[in-house]
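Overview (structure and organization)
What follows is the residue order along each chain.
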Amino acid sequence: MERKCTNQSFLLLMHTSKAIQDQIKDDMSKNNLSITEFSVLEVLYHKGRQTIQQIAQSILISSGSMTYVIDKLEQRGLLKRNACPGDRRASHITLTPDGEGLMEKIMPEHEDLIDSLFDSLSADEEQELIRLLRKINKFN
């Protein structure tokens, strides 16, 4: 017997999440970036130097997958690895000047896109959405 999910809140949240990700994916493809590649660059842009594990934790993917993405972005000259002086097993990842320049170009457009996705909400509705999502997300 096949069971269907009947939780309307869950289904709508998943559909909304996918629709947002699809819009970001389309937008990032203009810059020849996948969502994951953009997410890595975004973490480095906002937080500065990070280890692979820190980046993976920020964007919620495995560090094994992260190594592949880091390799691709490093080959494109958008980021670089530096040995971590306190831990020879770890590397610090930073944006290169080219990576910084790309993010300075992309971020205003990305922020405008995100704002446009939520501009139908009033300030009160946005705060209510944040409150409800935090209530569901027990990790934060």
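I will try to describe carefully the structure that is included in this document. (Residues numbered from 1 in each chain as written. Predicted model: local features only at pLDDT ≥ 70, side-chain atom pairs only at ≥ 80, totals over all residues. Heavy atoms only, no water.)

1. Some words on a negative patch on the surface
A cluster of like negative charges, contributed by E109, E111, D112, D115, D119 and E126, occupies part of the molecular surface. By residue number, the principal contributor to the negative patch is helix α5 (residues 97-118), which donates 4 residues. Looking at the secondary structure, you find E111 in helix α5. (Patch = residues over 30% accessible without salt bridge, like charges linked within 9 Å, V, L, I, M, F, W, Y side chains within 5 Å. Areas by Shrake-Rupley, 256 points an atom, 1.4 Å probe, with all protein chains shown as cover. Salt bridge = Lys/Arg side-chain N within 4 Å of Asp/Glu carboxyl O. Lys, Arg positive; Asp, Glu negative; His and termini not counted. Charge placed at Lys NZ, Arg CZ, Asp CG, Glu CD. Helix = DSSP H or I, 4+ residues; strand = E, 2+ residues; numbered from the N terminus.)

2. Considering the side chain of N31
Tracing the backbone shows N31 in the loop between α1 (8-29) and α2 (35-47). Sequence-distant contacts of N31, defined by excluding residues within four places in its chain, comprise R76, K105 and I106. (Contact = heavy atoms within 4.5 Å.)

3. Regarding unusual backbone geometry
A positive phi angle is found at N32, which is not glycine, with a value near 60°. Inspection of the secondary structure assignment puts N32 in the loop between α1 and α2. On the basis of relative accessibility, which here comes to 56%, the residue N32 falls in the exposed class. (Buried < 20%, exposed > 50% of the residue type's maximum accessible area, 1.4 Å probe, protein only.)

4. With respect to the pattern of salt bridges
Under the criterion given, the structure shown has 7 salt bridges. One salt bridge connects E37 with K72, and the closest N-O pair in it is separated by 3.2 Å. Within this pair, whereas E37 is found in helix α2, its partner K72 is found in helix α4 (residues 63-75), the two being separated by 35 residues in sequence. On the basis of relative accessibility, which here comes to 32%, the residue K72 falls in the partly exposed class.

5. Digging into a nonpolar patch on the surface
A surface patch of nonpolar side chains, about 580 Å² in accessible area, is lined by F10, L13, M14, F118, L129, L133 and I136. Along the polypeptide, F10 turns up in helix α1. Judged by its relative accessible area of 41%, F10 is partly exposed.

Geometry only, nothing functional implied.
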